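Take a look at the letters that make up each chain.
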Amino acid sequence: MTPVEPPESEFVDRMGLVMERLGGTRTMGRLYAWLMICDPPARSLTDLAAELEVSKTAVSTVARQLEVGGMIERVPTASREHRYRMTGGGWAQVMQVQLAGVRMSLDTLDFGLSILSEDLPERRARVEDTREFFAFILRDSEEMLQRWAEYRKESS
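Take the nonpolar core next. Judged by nonpolar contacts, the single largest core of 21 residues is most densely connected at Leu31, Leu35, Leu66 and Ile72. Of all the secondary-structure elements, those providing two or more residues to this core are helix 1 (6–21), helix 2 (26–37), helix 3 (45–52) and helix 4 (56–68). Among the elements that make up this core, the one with the highest residue count is helix 2 (six residues). Filtering out sequence-adjacent residues up to four positions away, Leu66 remains in contact with Met28, Leu31, Tyr32, Met71 and Ile72. Counting five residues, the second largest nonpolar core, distinct from the first, contains Val102, Leu106, Leu138 and Leu145.

Right, let's get into the environment of Gly24. Considering the arrangement of structural elements, one finds Gly24 in the loop between helix 1 and helix 2. Here Gly24 falls in the partly exposed class, since its relative accessible area comes to 21%.

A cluster of nonpolar residues, Val18, Leu22 and Trp91, forms a patch on the protein surface that exposes about 280 Å² of accessible area. By the secondary structure assignment, Val18 is in helix 1. According to the relative accessible area criterion, Val18 is partly exposed, its value standing at 35%.

Here we take up the pattern of salt bridges. One pass over the full model with this rule turns up eleven salt bridges. For Arg124, the salt bridge is made with Glu118, and the minimal N-O distance between the two is 3.5 Å. Judged by its relative accessible area of 10%, Arg124 falls in the buried class. What you see here is one network of salt bridges that share partners, running through Glu118, Arg124 and Glu128.

A few words on the confidence of the model for the chain. The predicted model of the chain has a mean per-residue pLDDT of 92, with 99% of residues at 70 or higher. Mean pLDDT values for the elements of the chain range from 90 in helix 5 (residues 90–115) up to 96 in helix 2.

This part is about the packing of aromatic side chains. All chains considered together, the criterion is met by three aromatic pairs. Judged by centre distance (5.8 Å) and plane angle (70°), the rings of Phe133 and Phe134 are edge-to-face. With a relative accessible area of 24%, Phe134 lands in the partly exposed category. Between Trp148 and Tyr151, the ring centres sit 5.7 Å apart and the planes meet at 25°, which makes this aromatic pair stacked. With Trp148 and Tyr151 both in helix 6 (residues 121–155), this residue pair falls three residues apart, about one helical turn. Since its relative accessible area comes to 39%, Trp148 is described here as partly exposed.

Omega for the peptide link from Asp39 to Pro40 comes to 0°, which places this bond in the cis form. Position of Pro40 relative to the elements: it lies in the loop between helix 2 and strand 1 (43–44). Of note in the backbone geometry, Glu53 takes a positive phi value of approximately 55° without being a glycine. Relative to the assigned elements, Glu53 resides in the loop between helix 3 and helix 4. With relative accessibility at 71%, the residue Glu53 sits in the exposed group.

Cut-off values and rules
- Here the residue index of a chain counts from 1 through its sequence in written order.
- For a predicted model such as this one, the threshold for reporting local features is a pLDDT of at least 70, and the threshold for listing and counting side-chain atom pairs is 80 or more; totals across whole chains, interfaces and linings nevertheless cover every residue.
- Excluded from the side-chain calculation are hydrogens and water; included are all heavy atoms of the structure.
- We define a nonpolar core as any set of buried Ala, Val, Leu, Ile, Met, Phe, Trp, Tyr and Cys residues linked to one another through side-chain atoms lying within 4.5 Å.
- Accessibility here uses a 1.4 Å probe with only protein chains present; expressed as a share of the type maximum, an area under 20% marks a residue as buried, one over 50% as exposed, and anything in between as partly exposed.
- Runs of E in the DSSP output that reach at least two residues are strands. Runs of H or I that reach at least four are helices, and both are numbered from the N terminus.
- Pairs of residues are marked as contacts when any of their non-hydrogen atoms sit within 4.5 Å.
- Any residue with relative accessible area above 30% and no salt bridge may belong to a patch, with like charges joined within 9 Å and the nonpolar Val, Leu, Ile, Met, Phe, Trp and Tyr side chains within 5 Å.
- We get accessible surface area from the Shrake-Rupley algorithm with a probe of 1.4 Å; when it comes to residues, only the shown protein chains can shield them.
- Salt bridges, as used here, are contacts in which a Lys or Arg side-chain nitrogen is within 4 Å of a carboxyl oxygen on Asp or Glu.
- A score between 0 and 100, pLDDT records how confident the predictor is in each residue.
- Stacked, edge-to-face and tilted labels apply to pairs of Phe, Tyr and Trp rings (six-membered ring for Trp) whose centres lie within 6.5 Å, assigned for plane angles under 30 degrees, over 60, and everything in between, in that order.

Printed below as a string of structure tokens:
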């Protein structure tokens with residue numbers, strides 16, 4: 001088990017706050033940050049709980065969420081103990097999940113426009129403005145993810 005040094009602890013705690021601001025939990029950010037910098041890079045739930053000073057149940061719950069989100073993966077071991085490590089490309093996967101929500105928003109806004117008659121221009125304008133914003137975000141984000149994939153390919 002690797003002891004967490006004070007500067008590492010500060011980084012881990014700061015990433016907890018970042019993740020919290022992004023809609024996750026502080027423990028989620030702390031776990032992800034530690035998996036970015038720990039050595040060896042694959043850690044057991046027991047080690048993670050001890051190193052982060054949180055319950056094993058909390059670590060297990062957060063690890064499952066991060067695994068489903070594609071940000072970490074379970075590593076095969078000879079023992080029954082689960083070990084996890086960070087995956088490459090996790091943030092791009094998170095962005096794809098968020099964009100699915102934006103697509104759903106567009107469908108909802110299209111429905112909103114379908115129920116508002118043309119003789120309600122002010123009400124329609126508010127919905128159309130919101131729809132245009134989400135459409136722009138979706139288009140721009142998809143282009144950005146494509147550029148990111150190309151950048152990663154070129155830099156590897």
